[in-house]
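# Chains, contacts and geometry: an overview
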Amino acid sequence: PGVSLFFAMEDVHDPMMAFDSLLGAAKQMSSQLGGVLKDESRSVLTRQTEEHYRQRISDYCRTQLSGIE
């Protein structure tokens, strides 16, 4: 059993803020329910993975600002 949380970067005004809110909620739920956070490949979510996601979001935002797709 599990819960999946996600968002589409193109559907939010501030993807980084949305990610941080989503991650905070996921951590709180995990703590309260005694769960384990996992990444998109179902490996345990690490700080390194969190930073990788933040980099992907930054790259996406930079691409959107420059008009490159």
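Residues numbered from 1 in each chain as written. Predicted model: local features only at pLDDT ≥ 70, side-chain atom pairs only at ≥ 80, totals over all residues. Heavy atoms only, no water.

The helix and strand tally for the protein stands at two helices and zero strands. The principal-axis extent of the C-alpha atoms belonging to the protein is close to 45 × 20 × 20 Å. Sorting the 69 residues of the protein into buried and exposed places 16% on the buried side. Averaging the locations of the 7 positively and 10 negatively charged side chains of the protein gives two centres separated by 9 Å. (Helix = DSSP H or I, 4+ residues; strand = E, 2+ residues; numbered from the N terminus. Buried < 20%, exposed > 50% of the residue type's maximum accessible area, 1.4 Å probe, protein only. Lys, Arg positive; Asp, Glu negative; His and termini not counted. Charge placed at Lys NZ, Arg CZ, Asp CG, Glu CD.)

Going through the model one piece at a time under the given rule, you end up with one aromatic pair. For the pair Phe19 and Tyr53, a centre-to-centre distance of 6.1 Å together with 75 degrees between the ring planes defines the contact as edge-to-face. With Phe19 in helix H1 (residues 15-33) and Tyr53 in helix H2 (residues 47-66), the pair connects residues that are 34 residues apart, well separated along the chain. A single burial state applies to Phe19 and to Tyr53, both of which are buried. (Phe/Tyr/Trp six-rings, centres within 6.5 Å; stacked < 30°, edge-to-face > 60°.)

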